[in-house]
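Working through the structure, step by step
Residues per chain are reported as follows:
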Amino acid sequence: MVTAPDDLLWARGLHYEHEGTPALRDVCLSVRAGEIVSVTGPRGSGKSTLLGCLSGRLVPGRGEVWFDGLPVHTLTASARERLRRGRFGWIGSEPHLLPELTVWENTALPLLLSGAGRREARRRACEWLERLDVGDFARSRPGALVQAQRQRVAIARALAHSPSVVFADEPTARLHQGERAQVLRTLTTAARSHRITVVLASHDARVAGVADRSAVLVDGRRVGEDAPSGVPAGTTGPSAGPGPEGRTECSLSV
Ligand SMILES: Nc1ncnc2c1ncn2[C@@H]1O[C@H](COP(=O)(O)OP(=O)(O)OP(=O)(O)O)[C@@H](O)[C@H]1O
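Here the structure is a predicted model, which means the values were calculated and not measured.

1. Considering the overall build of the protein
- Each helix and strand counted, the protein has six helices and 10 strands in total.
- The burial tally for the protein puts 46% of its 254 residues in the buried class.
- Residue pairs in contact within the protein that sit at least 24 positions apart in sequence constitute 66% of those at least 6 positions apart.

Quick look at the structure:
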């Protein structure tokens, strides 16, 4: 596999099985630094499993995952844990905030866990809460916020330690329709302004509209790459020309 010099994260030939059931089959993906890539596909198509393998939460049965020159697939569990804490952020569909901590303490947790002092962690957490329009709640407990505000706090928590890559797995799935676009825009604007790479999984194909590129999974296989507008890459639009996957030896279609 040939990768571009600015590929920050890439995977080749990923296979993963959940209890004997294949969830990923020969999946390849590469992500450039600062890029926002969406992974879309129907429910059960393997999106969460792919994000799990890319982020070191899961170890593929076969295949490779490389991040910034590190072979994630062969790292020890403790090295993967350090990588996840230091370089990655994670946003799930549920914010999973600790109810006994304040909003700023929740946001500062990854910073505190990676050794930042309390004062510095608080300053950075509050900065991100302000950016995400939930700064007024910094001293409140999560229970005082509505779901969309809690999800903004989860986004702030994922970004506050300046990760290289944020993985967002269905980050708007539990929100009302009206809040989805706003929360997505908040996430992508914040990531772009700080050049944080985002890998965003959603079964909602409209999510691809906020991404630079979109990878589509069906039954655990990549079935192509579309421009955000849905126009196939290589025809027109911002993704015209061969994408990074065009340089790989992986099969991209079924
Ligand atoms: N912990 C698990 N144990 C057994 N099977 C699992 C497990 N997690 C996922 N699977 C199965 O693996 C396949 C891929 O699941 P995955 O969650 O990665 O897909 P997805 O596209 O993210 O789906 P969704 O949009 O519903 O979250 C599905 O068939 C799913 O049922």
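2. Overview of the site of the ligand
- In the vicinity of the ligand lie 13 residues, with His18, Arg43, Lys47, Ser48 and Thr49 positioned nearest.
- Contributing elements (two or more residues each) for the shell around the ligand: strand S2 (21-32) and helix H1 (47-54).
- At three residues, H1 tops the list of elements feeding residues into the shell around the ligand.

3. What about H1?
- In terms of residue burial, H1 counts as a mostly covered element, since eight of its eight residues are buried.
- Residues Lys47, Ser48, Thr49, Leu50, Leu51, Gly52, Cys53 and Leu54 constitute the buried set of H1.
- Residue Gly56 follows H1 closely and has a positive phi angle near 80 degrees.

4. Quick notes on the nonpolar core
- Residues Leu129, Ala156, Val166 and Val199 are the most contacted members of the largest nonpolar core, which totals 66 residues.
- Discounting residues that sit within four places of it in the chain, Val166 has contacts with Gly89, Ile91, Ala158, Leu159, Ala191, Ile196 and Val198.

5. Re the packing of helix H5 (residues 147-159) against helix H6 (residues 177-193)
- At a minimum axis separation of 11 Å, H5 and H6 run at an interaxial angle of 15 degrees. As far as their axial angle goes, H6 and H5 are roughly parallel. You can see that H5 and H6 cross each other, and the crossing is right-handed. Where H5 abuts H6, its residues Ala148, Gln151, Arg152, Ile155 and Leu159 lie against Glu179, Val183, Thr186, Leu187 and Ala190.
- Looking at the contact of H5 with H6 residue by residue, the classes come out as six nonpolar, two polar and two charged.

6. Describing the confidence of the model for the protein
- With 86% of its residues at a pLDDT of at least 70, the protein reaches an overall mean of 86.
- When mean pLDDT is compared element by element in the protein, H1 scores highest at 98, while strand S10 (residues 221-226) scores lowest at 78.
- Predicted confidence for residues 227-254 stays below pLDDT 50, and this span has 52 contacts to residues more than four positions away or in other chains.

7. Examining the packing of helix H3 (residues 103-113) against H5
- Where H3 contacts H5, the axes come no closer than 7 Å and their chain directions differ by 35 degrees. Note that H3 runs across H5; the crossing there is right-handed. Contacts between H3 and H5 involve Val103, Asn106, Thr107, Leu109 and Pro110 from the first element and Val153, Ala156 and Arg157 from the second.
- Across the contact of H3 with H5, the residue classes break down as five nonpolar, two polar and one charged.

8. So, the environment of Val210
- Among the secondary structure elements, Val210 is positioned in the loop between strand S8 (197-202) and strand S9 (213-218).
- When the 20 C-beta atoms within 10 Å are taken as the criterion, Val210 is described as buried.
- Excluding residues that lie within four positions of it along the chain, Val210 makes contacts with Ile36, Leu184 and Thr188.

Definitions and limits used
- Residues numbered from 1 in each chain as written.
- Predicted model: local features only at pLDDT ≥ 70, side-chain atom pairs only at ≥ 80, totals over all residues.
- Helix = DSSP H or I, 4+ residues; strand = E, 2+ residues; numbered from the N terminus.
- Buried ≥ 20, exposed ≤ 12 C-beta atoms within 10 Å, placed from the backbone.
- Contact = placed C-beta atoms within 7 Å.
- Near = placed C-beta within 6 Å.
- Core = buried A, V, L, I, M, F, W, Y, C linked by C-beta atoms within 7 Å.
- Axes fitted to C-alpha atoms, helices over the stretch in contact; angles between N-to-C directions.
- Parallel < 35°, antiparallel > 145°, perpendicular 65-115°, else oblique.
- Left-handed = near helix turned anticlockwise from the far one by under 90°.
- Nonpolar A, V, L, I, M, F, W, Y, C, P; charged D, E, K, R; others polar.
- pLDDT = per-residue confidence, 0-100.

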